[in-house]
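# A structural walkthrough
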Amino acid sequence: MRYLPHTPEEIASMLATIGTKSLDGLFDSVPADCRMTDPWPLPAPKSEWELNDHLGQLAGTMRLGPNAKVLVGAGSYHHYIPETVRNLAGRSEFLTAYTPYQPELAQGTLQGIFEYQTLTARLLGMDVVNASMYDGASALAEALLMGLRIAKKKRTVAVSKAIHPHYRAAARAYLAPAAYEVIELEVLANGRTDLSGLANRDDIAAVALQSPNFFGVIEDLETASAAIHDAGALCITCFTEPLAYGLLKNPGQCGADIVCGEGQSFGISRSYGGPGLGMFGCKQAFTRNLPGRLVGETKDLEGRRGYVLTLATREQHIRREKATSNICSNQGICAMTAGMYMASLGGTGIRQLARLNYDKTQYLKEALIKAGATIPFAGPVFNEFVAEFPQDFRPAHARLLAKDIVAGLELSALYPQMAGRYLFCVTETIDKQTLDTIAAEVRA
Amino acid sequence: MNEPLGTGGLILNEPLLWHKGKKGRIGMSIPESDVPAAPIASDLLGTDVDFPDLSEVDVVRHYTRLSQWNFGVDTGMYPLGSCTMKYNPKTNERQAATPEIASAHPMLADDLNQGTLRILYELQQYLAIITGLDAVSLQPAAGAHGELTGMLIFHAWHKSRGAQRHKILIPDTAHGTNPASAALCGYKAVPVPSDAQGMLDPALVAELMDEDTAGIMVTNPNTLGLFEERIREIAAIVHAKGGLVYGDGANMNAVLGVIDAKKCGIDVLHLNLHKTFSTPHGGGGPGAGPVCVTRELEPFLPVPRAVKDGETYRLEDNRPQSVGRIHAFHGNFGVLVRAYSYILSMGEAGLKKASQLAVLNANYIKEQLKTVLHLPYDRPCMHECVFSDLWQQEYKISTVDMAKRLIDCGFHPPTIYFPLIVHGAMMIEPTETECKDDIDQFIATVKTIVLEAAEQPELLHQAPQRTKVRRLDEVQAARCPCLIGPSGTGD
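Residues numbered from 1 in each chain as written. Chains lettered and ligands numbered in written order. Predicted model: local features only at pLDDT ≥ 70, side-chain atom pairs only at ≥ 80, totals over all residues.

### A look at the overall build of chain A
When you go through chain A residue by residue, the secondary structure sums to 12 helices and 14 strands. Overall, chain A is about 80 × 55 × 50 Å in size when its C-alpha atoms are taken along their principal axes. For chain A, with 444 residues in total, the buried portion stands at 59%. In chain A, the proportion of contacts linking residues at least 24 apart, taken out of those at least 6 apart, comes to 74%. (Helix = DSSP H or I, 4+ residues; strand = E, 2+ residues; numbered from the N terminus. Buried ≥ 20, exposed ≤ 12 C-beta atoms within 10 Å, placed from the backbone. Contact = placed C-beta atoms within 7 Å.)

Have a look at this one:
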């Protein structure tokens, strides 16, 4: 096996040094009744070339290739990824390093993460951003736990029903053992969250909204954060599409206290939903309640600028069970990748790209309306929206699929009362011709 | 082979991103718009984002220079204990980047994603076979996420039996994240001290285990690199009191093909695919921490599960007793593809051989270094061995000094000051992918450093000197945290 360098002579000589007769003898401390005895029914080992063939065959069973036009976002977005980002993120000095416990040997990772924290903080309007969480869903769960820690005695949080259903499910799973109550807020006719239920309550630790929300609708975060603060709660906002903040007012500007979400849009492949990137930031006042790793700037013995993991006193290896979270390994190379992507876009580029997503989405929305579709939620959108159709859309959906176009995600599995409604997503990867083809099928 | 690895390299400076670039540059290609500009309400519009504008060359040079300040497994030996920094095969990167797989969308219908579903299903099967347990969830995104999932399963199982419990036993030789993972589920951690041999004592477990204790979290082999020989006895005690046994499988690289987790009495076990199964650690992730359980606990695993009907694969989420979702989709799928590729490349014989050689390498280092470094627990070790700085204290040299001197000599240091039960610990895990020549060079280097500690201690106190930066002021970093760059510094 090419990963195992030992020759039989070396093994013999090393065993002699140790004073053990055989490799099996190294395991004499393992009692017989703990032993694996049955052979493993695993496939025979594959050569590199056989492995290529095998994965090639599996790839062949995927209905869609990389050039298919997938007009589905719902938490996983198709954006172009520059070759530079792939190439630089694939550098093995970054990829094959561990968490930077020895900062002198990891300044590349550390400066790169510090830059990621900074650019993300600027994008979201936050004072502090951590080195990453696992994904958007677990980030939301951790944000709610953080809200409960800050509020101390309150045991209830509220989440909008317009937050990604999978994110809400993760939040429920995380909060279930401690028996925290999770209230779900209804969605108004315009697709925004109904906050009227907060008016008479003072027992809620934190309220979470998503913007743009699962239906693509941009929440009125300024009004919402004021209402949430009036109820004595912290305002948490989450997102699945960070590109939106290249165009829209950022959550910090709108009054959010904690912002979390999924950063996959920034240079990371969809890859069947992972690895992605949990982005997580907060206002300065809450820094010491923040979960996750943080990189900070400092100086070395000679006064040179350098970076280290810091504020470890919040973390599990020092605070043990009192830690702000149990997160250890996070999504390091994904955060580096997002940093590279944000650097490649720049302030000018992110505006232009966000605008392009917005314009194309509006184009499809208008084209579908002209073709007879209706838009159930009137609220403004960024690059996703919900449509419904005068006739059963399934045949048109199937005809488009035959052309390698996935025309939206039917919502009944996630929202049973929304059967027949489709959630569409349009990014820069979808050309006008594809949008026109979809509209034509709706008319047909 | 006697030539030292560490030399002074050509190290270039590189400013922070926002001190580079010029307004109006761009580093990536954006398609021309082929649709009309749409109106947008002014109250939605944000101000310009304060990112620096960089060209493609600016970006490439920036990150290339940063990368050269880093040390990875591809650079050299990385004997970081309990982290299993083995070689990360290049072919695994290619497999994860297979275009149809890398572009797969997680929200589409199962009939569109048969290939990725099959990978999930088969990897679940393979990990069950390898651990001896019955069912697997691939959703946890890291080891600590696996621990949390395991604790959620403990909690849900106890709840299903009608009586909730409030404590959990955690030995002092367990991994550092265990108490925090248990605390997330409301369990109070009850520490279990190990005995003079570094092992868990069943009598003590029997004393501490009661009917308000949910179970025990055991790291086996433990963080001293020792196999908990009485694990079955301990499991029986915990089970008799109605508790469950959690196995932290972070150290699985020692015992592939040797132990059967189910026979050991383990009910829930997590694996670290970024350790044992060769996926790269990425400077801090993404990892993957699949959770393997007994048949009895299968209903509690996170949803969705990947299942097979005839020749078709599908996701199944109708499991009423499940702890629910702990990730938006299927965990770090790209990492799972790499581990799947590794298992297919290694096969049964290769995986078992890997553990044998990992243990061989660790014992070889232990035998050769125990004459110069204090070895607090002198027993046959598994995949790692733990020394201390006891014998260097007379020269006022501590573990950190030896670790930093190793950097100047071209090696990544071992894990230091962990486990906590060894004062001044140095935890060395070579892994199986290091060859004898490199290990001999590492041993010779440590021996030289030990001599230097007595004869030229200043060399150690001043180390490292050949890196981009020297020792960093961590106290200052924590006292006046600077966690993001100042705003308004973009050009």
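### Thoughts on the overall build of chain B
Check the secondary structure of chain B and you find 13 helices and 12 strands. Radius of gyration (C-alpha) of chain B: 25 Å, near the 23 Å computed for a compact globule of 491 residues. For chain B, the C-alpha atoms occupy an extent of roughly 75 × 70 × 45 Å along the three principal directions. Residue burial in chain B is summarised as follows: out of 491 residues, 59% are buried. Counting contacts in chain B only where the partners sit at least 6 residues apart, residues at least 24 apart contribute 73% of the total. (Rg over C-alpha atoms; globule rule 2.2 N^0.38 Å.)

### Concerning the interface of chain A and chain B
The interface of chain A with chain B comprises 166 residues on the first partner and 172 residues on the second. With 23 residues, helix α10 (residues 332-370) of chain A is the largest single contributor of residues to the side of chain A that touches chain B.

### Digging into α10(A)
Residue and element names in this part refer to chain A. If you check α10, its first and last C-alpha atoms are just 46 Å apart, much less than what 39 residues at 1.5 Å a residue would give, namely 57 Å. A bend of about 90° at G346 is the largest found in α10. Among the 39 residues in α10, 31 count as buried, and that is most of the element. Positive phi appears at G372, one or two residues downstream of α10, with a value of about 115°. (Expected span 1.5 Å × (residues − 1). Bend = angle between axes of the 7 residues up to and from the residue.)

### A look at helix α5 (residues 143-160) of chain B
Residues and elements named next belong to chain B. The end-to-end C-alpha distance of α5 is 25 Å, a good match for the 26 Å that 18 residues give at a rise of 1.5 Å each. Most of α5 is tucked away, with 15 of its 18 residues classed as buried. Of the residues flanking the end of α5, it is G162, one or two places downstream, whose phi is positive at about 90°.

### Some remarks on the domain arrangement of chain A
Residue and element names in this part refer to chain A. For chain A, the domain assignment lists domain 1 (69-81 + 347-443) and domain 2 (84-341). Using only C-alpha atoms to locate each centre, domain 1 and domain 2 end up separated by 27 Å. The partner domain 2 presents 28 residues to the 26 residues of domain 1 that form the contact. Put simply, the parts of the chain that give the side of domain 1 that touches domain 2 at least two residues each are α10 and β11 (384-387). In terms of residue count, α10 provides more of the side of domain 1 that touches domain 2 than any other element does, seven residues in total. For the side of domain 1 that touches domain 2, the per-class residue count stands at 15 nonpolar, eight polar and three charged. (Domains from an automatic or database assignment. Nonpolar A, V, L, I, M, F, W, Y, C, P; charged D, E, K, R; others polar.)

### Focus: the domain arrangement of chain B
Residues and elements named next belong to chain B. Domain boundaries assigned for chain B yield domain 1 (92-345) and domain 2 (352-477). Listed per partner, the contact involves 19 residues of domain 1 and 18 residues of domain 2. Looking at the side of domain 1 that touches domain 2 residue by residue, the class counts come to eight nonpolar, 10 polar and one charged.

### A few points about the sheet that holds strand β14 (residues 422-425) of chain A
All names here are of chain A. The strand order β11-β14-β13 describes an open sheet built from three strands, whose pairing is antiparallel. Whereas interior strands pair on both sides, the edge strands pair on one side only; in this sheet they are β11 and β13 (409-410). The sheet contact formed by β13 and β14 spans two bridges and is antiparallel. By the bridge assignment, E410 is partnered in β14 with Y422. (Pairing = 2+ DSSP bridges.)

### Focus: the environment of B:G324
By secondary structure assignment, the location of B:G324 is in the loop between β9 (312-316) and α9 (333-369). Considering only alpha carbons, one finds B:G324 and B:V303, 21 residues apart in sequence, at a separation of 5.5 Å. With near-sequence residues (within four places) excluded, B:G324 lies in contact with A:A169, A:R172, A:A173, B:P302 and B:V303.

### Regarding the pairing of β9(B)
All names here are of chain B. As defined by bridge partners, strand β8 (residues 305-309) adjoins β9 across five bridges and the pair is classed as antiparallel. When the sheet's bridge partners are listed, A306 is paired in β9 with L315. Between β8 and β9, which pair antiparallel one after the other, the connecting turn spans two residues, and G310 there sits at a positive phi close to 60°.

### Some words on the nonpolar core
A:L140, A:L144, A:A170, A:V207, A:A208 and A:I236 are the most contacted members of the largest nonpolar core, which totals 306 residues. Considering every element that reaches this core, the biggest residue donor is α9(B), with 20 residues. Beyond its immediate sequence surroundings of up to four residues, A:L144 is in contact with A:V157, A:A171, A:L175, A:A206, A:A208 and A:I236. (Core = buried A, V, L, I, M, F, W, Y, C linked by C-beta atoms within 7 Å.)

### A closer look at the pairing of strand β7 (residues 258-262) of chain A
Residues and elements named next belong to chain A. Of all five residues in β7, five are buried; the element is thus mostly enclosed. Both faces of β7 are covered, namely the face carrying I258, C260 and E262 and the face carrying V259 and G261. Alignment of β7 against strand β8 (residues 278-282), held across five bridges, turns out to be antiparallel. Counted as the bridge partner of G261 is M279 from β8.

### Focus: the environment of A:P242
Residues and elements named next belong to chain A. Its location among the elements puts P242 in the loop between β6 (234-239) and β7. For P242, a count of 26 C-beta atoms within 10 Å gives the class buried. With 116 residues separating them along the chain, P242 and Y358 place their C-alpha atoms 13 Å apart. When residues no more than four places from it in sequence are discounted, the contact partners of P242 are L123, G261, G263, S265, F266 and M279.

### Some thoughts on the sheet that holds strand β5 (residues 244-249) of chain B
Residues and elements named next belong to chain B. Reading across from one edge, β1-β7-β6-β5-β4-β2-β3 is the order of the seven strands in this open sheet, with mixed pairing throughout. The sheet is open, and its two borders are formed by β1 (135-137) and β3 (188-192), each paired with just one other strand. Within this sheet the neighbouring strands show an average axis-to-axis angle of 25°, counted without direction. Bridge analysis of β5 against strand β6 (residues 268-271) gives four bridges, and the strand direction is parallel. (Axes fitted to C-alpha atoms, helices over the stretch in contact; angles between N-to-C directions.)

### Describing the packing of helix α5 (residues 107-124) of chain A against α10(A)
Residues and elements named next belong to chain A. It is the contact of α5 with α10, at a shortest axis distance of 9 Å, that shows an interaxial angle of 60°. Between α5 and α10, the interaxial angle falls into the category oblique. Viewed along their axes, α5 and α10 form a crossing whose handedness is left-handed. Across the interface between the two elements, T109, G112, I113, E115, Y116 and L119 of α5 pack against G332, A335, M336, A338, G339 and M342 of α10. Here the residues of the contact of α5 with α10 sort into seven nonpolar, four polar and one charged. (Parallel < 35°, antiparallel > 145°, perpendicular 65-115°, else oblique. Left-handed = near helix turned anticlockwise from the far one by under 90°.)

### Topic: the packing of helix α6 (residues 136-151) of chain A against helix α7 (residues 165-175) of chain A
All names here are of chain A. Put simply, α6 and α7 touch, their axes get as near as 8 Å, and they point 45° apart. As judged from the angle between their axes, α6 and α7 are oblique. Where α6 crosses over α7, the two elements pack in a sense that is right-handed. Touching G136, A137, S138, L140, A141, L144 and L145 of α6 are H166, Y167, A170, A171, Y174 and L175, all from α7.

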